[in-house]
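Structural characterization, general
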Amino acid sequence: MGFDVLILGAGSAGSVLAARLSENPALRVGLVEAGAMPDDPDIAVPQKWPALQGRAFDWAYATLPQPGTAGRIHPWPRGRVVGGSSCLHAMAHVRGHPDDFEAWAAATGTRRWSYDGLLPAFRRSESFSSGANAPPGGAGPLHGGEGPLPVYLPDAELSPVVRAYMEAGLALGVPHLGDHNGRSLKGVAANSLTIRDGRRVSAADAWLVPALDRPNLTLITGATVERLELEGSRVTGATLARDGRTEPVFADTVLICAGAVASPLLLMRSGIGAPAVLAKAGVACRLASPDVGENLHDHLLAAGNLYRARRPVPPSRLQHSESLMYLDAADPTRGEGAPDVVLACVAAPAVSECFSAPPPGEAYTVLCGVTHPTSRGRLAITGPDAADPPLIDPAYLTTEHDRRSFVRALQRAREIGHHAALAPWRAEELLPGPAAVTEAELAAFIARAAITHHHPVGTCRMGADPGAVVDADLRLNGLDNAYVVDASVVPAITSGPVHAAVLAIAETFAADFTA
Ligand SMILES: Cc1cc2nc3c(=O)[nH]c(=O)nc-3n(C[C@H](O)[C@H](O)[C@H](O)COP(=O)(O)OP(=O)(O)OC[C@H]3O[C@@H](n4cnc5c(N)ncnc54)[C@H](O)[C@@H]3O)c2cc1C
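Conventions and cut-offs
Residues numbered from 1 in each chain as written. Predicted model: local features only at pLDDT ≥ 70, side-chain atom pairs only at ≥ 80, totals over all residues. Heavy atoms only, no water. Helix = DSSP H or I, 4+ residues; strand = E, 2+ residues; numbered from the N terminus. Rg over C-alpha atoms; globule rule 2.2 N^0.38 Å. Buried < 20%, exposed > 50% of the residue type's maximum accessible area, 1.4 Å probe, protein only. Contact = heavy atoms within 4.5 Å. Axes fitted to C-alpha atoms, helices over the stretch in contact; angles between N-to-C directions. Parallel < 35°, antiparallel > 145°, perpendicular 65-115°, else oblique. Nonpolar A, V, L, I, M, F, W, Y, C, P; charged D, E, K, R; others polar. Left-handed = near helix turned anticlockwise from the far one by under 90°. Near = heavy atom within 4 Å. Polar contact = N/O pair within 3.5 Å; in protein donor to acceptor, adjacent residues only side chain to side chain. Areas by Shrake-Rupley, 256 points an atom, 1.4 Å probe, with all protein chains shown as cover. Salt bridge = Lys/Arg side-chain N within 4 Å of Asp/Glu carboxyl O. Pairing = 2+ DSSP bridges.

1. Concerning the overall build of the protein chain
- Within the protein chain, the regular secondary structure consists of 10 helices and 23 strands.
- Against the globule reference of 24 Å for 515 residues, the protein chain gives a C-alpha radius of gyration of 22 Å, in line with a compact fold.
- Each principal axis of the C-alpha distribution contributes one length, and for the protein chain these read about 65 × 45 × 45 Å.
- Scored against the burial criterion, the 515 residues of the protein chain give a buried share of 60%.
- Of all intrachain contacts in the protein chain linking residues separated by at least 6 positions in sequence, the fraction that spans at least 24 positions is 71%.

2. Quick word on the packing of helix α2 (residues 98-108) against helix α3 (residues 115-125)
- Where α2 meets α3, the axes come as close as 9 Å, and the angle between the chain directions of the two elements is 110 degrees. With respect to α3, the element α2 is oriented roughly perpendicular. Facing Pro98, Phe101 and Trp104 of α2, the residues of α3 in contact are Tyr115, Leu118 and Phe122.
- Grouping the amino acids of the contact of α2 with α3 by side-chain chemistry returns 6 nonpolar, no polar and no charged.

3. Looking at the packing of helix α1 (residues 12-21) against helix α10 (residues 499-514)
- Put simply, α1 and α10 touch, their axes get as near as 9 Å, and they point 30 degrees apart. When the interaxial angle is binned, α1 and α10 end up roughly parallel. Once α1 is placed against α10, the crossing between them reads as right-handed. Where α1 abuts α10, its residues Ser12, Ala13, Val16, Leu17, Arg20 and Leu21 lie against His499, Val502, Leu503, Ala506, Glu507, Phe509, Ala510, Phe513 and Thr514.
- For the contact of α1 with α10, the residue count by class is 10 nonpolar, 3 polar and 2 charged.

4. Quick word on the site of the ligand
- Taken together, 37 residues lie around the ligand, and Ser12, Glu33, Ser85, Ala92 and His499 are the ones closest in.
- In the model, an oxygen atom of the ligand is placed 2.9 Å from a nitrogen or oxygen of the alanine 13 main chain.
- When the ligand is considered free in solution it has 1000 Å² of accessible area, and contact with the protein chains removes 98% of it.
- Among the elements that make up the shell around the ligand, the one with the highest residue count is helix α6 (residues 259-269) (3 residues).
- Partitioned by chemical class, the residues of the shell around the ligand number 19 nonpolar, 13 polar and 5 charged.

5. With respect to the pattern of salt bridges
- For the coordinates displayed, the defined rule picks out 27 salt bridges.
- Residue arginine 28 is joined to aspartate 4 by a salt bridge in which the shortest nitrogen-to-oxygen separation is 3.3 Å. Within this pair, whereas arginine 28 is found in the loop between α1 and β2 (29-32), its partner aspartate 4 is found in strand β1 (residues 2-8), the two being separated by 24 residues in sequence.
- Judged by its relative accessible area of 43%, arginine 28 falls in the partly exposed class.
- Residue aspartate 42 pairs with arginine 55 through a salt bridge whose shortest N-O separation is 2.8 Å. Here arginine 55 lies in the loop between β2 and β3 (61-62) and aspartate 42 lies in the loop between β2 and β3, a separation of 13 residues in the sequence.

6. Topic: unusual backbone geometry
- Here the amide bond leading from alanine 303 into glycine 304 is cis, since omega sits at -20 degrees, within 30 degrees of zero.
- With respect to the element layout, glycine 304 can be found in strand β15 (residues 300-309).
- Here the bond from leucine 431 into proline 432 is cis, since omega is 0 degrees, no more than 30 degrees from zero.
- Tracing the backbone through its elements, the reader meets proline 432 in the loop between β21 (426-431) and α9 (439-449).
- In this model, aspartate 243 sits at a positive phi of 50 degrees, which is unusual for a non-glycine residue.

7. A short note on the pairing of strand β10 (residues 224-231)
- As paired strands, β10 and strand β11 (residues 234-242) are joined by 7 bridges and run antiparallel to one another. Within the sheet, the bridge partner assigned to glutamate 231 lies in β11 and is arginine 234.
- Counting the residues between successive antiparallel strands, the hairpin from β10 to β11 contains 2 residues, one of them, glycine 232, with a positive phi of roughly 60 degrees.

Remember that the coordinates give geometry; whether it matters functionally is a separate question.
Okay, here's the thing in structure tokens:
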């Protein structure tokens with residue numbers, strides 16, 4: 001088998017790239033995916049997203065025990081299915097604050113990765129629409145109206161508890177925000193969701209599936225990429241494992257889109273990485289690239305500031321966590337600039353495995369987290385085969401900045417949670433509970449309550465410096481015809497969930513590649 005362009009991984013970024021590049025009928029595009037087409041009907045049901053984890057289409061990774069979170073091991077779900085993690089995710093669509101992308105522009109030395117550089121891709125990717133009673137949305141200077149991905153701003157379906165939490169924020173002087181995808185991010189807004197007619201729309205649904213009947217696009221499912229094949233400074237293709245056999249696939253250009261966990265692992269299995277890490281795993285070094293797998297970072301959420309309800313809490317009609325509230329922890333009334341903390345109201349009990357909670361309908365939660373963590377970890381292979389389990393160490397809460405900011409976030413969560421606007425719903429605070437008052441007590445609670453917000457990034461960071469894994473064009477440093485295009489190239493995480501940014505990276509790369 002041979003292609004002009006071979007895309008490895010049919011997740012969020014891979015789905016965008018396969019569709020965009022195969023718009024050119026002269027380009028033979030191959031797309032390889034370890035998983036199958038999604039066939040579990042629960043994937044499309046927004047309320048069921050937490051229940052999808054651990055099923056056959058989840059890679060179900062786990063971190064090393066984390067000293068910063070009381071020695072806990074954190075499950076890391078990732079989609080192993082056509083559509084990738086966009087089939088498992090919580091459907092919140094948040095581009096990030098424009099200042100977030102200044103770090104990307106500074107790292108690469110090009111405005112292409114600034115907010116304004118990415119804006120055409122953000123707009124091109126989406127069809128923005130408002131809910132029945134929301135302010136008018138649709139196309140405009142900041143929103144796209146004709147892109148493949150529906151971005152839906154709900155109103156009428158919002159949970160009454162979430163509405164009360166939003167009212168509490170406004171009463172405390174937090175600015176009103178129409179939606180999360182303008183130039184401001186701090187304030188009160190319902191989450192924009194990648195939902196159409198009450199059903200999840202994955203990146204595969206939006207981009208890939210409509211393109212699958214093109215004769216120049218070949219999707220190969222159930223095939224795990226074992227390694228890239230290298231000849232000098234070129235990648236000639238990859239070795240796939242399918243149905244118990246290995247087979248080669250050849251290509252002029254290879255795009256690695258296996259995600260922030262699997263892309264660096266694939267590079268390492270192929271002999272591209274830190275020589276010491278490769279040697280330890282029994283892999284011969286073909287290209288020394290010490291930063292492969294480094295710079296791993298993620299958002300955490302404290303689950304959570306839990307309240308027993310004084311009356312039944314109706315189940316969410318959306319995806320449970322219906323309103324992220326981005327704030328300046330020192331002054332929540334401040335609207336300018338990027339936020340430093342985030343709150344989220346879940347119309348259900350949400351706690352880590354360290355705590356128990358009342359059944360659904362009897363409690364609700366205010367989650368909180370830090371938008372720009374400074375903790376940086378790493379991941380590594382333990383052997384030469386795709387089946388060898390990786391070492392994943394996000395180094396959660398290892399900086400003073402992250403621990404202190406998290407305490408501020410929890411203090412703001414409690415301020416909202418105890419506000420009069422929530423009095424009709426609040427019976428009592430269950431967690432961390434009235435006995436937790438000092439910063440040390442709150443920090444100890446956070447260490448046991450923190451769970452991943454599912455946003456790992458950074459493990460093949462882009463940059464202009466010689467240590468960067470990929471350059472500003474996303475080309476692998478040291479190779480002529482291989483690129484990484486997925487969440488792993490993000491040099492520094494955005495304020496919020498990262499899916500919108502990953503899609504914009506893929507859209508931007510595709511536009512440049514085909515120009
Ligand atoms: C539970 C959960 C909730 C989330 N919630 C949100 C949210 O609400 N909003 C948001 O913005 N983001 C959210 N995210 C994050 C978001 O989904 C991801 O950041 C994004 O999908 C990453 O896209 P990607 O293309 O980098 O990787 P993926 O979408 O993970 O794609 C990688 C693909 O490569 C395939 N692959 C990997 N290794 C191999 C191999 N060796 N051979 C062949 N194929 C391979 C995988 O099976 C997968 O299909 C969530 C993620 C999860 C898991």
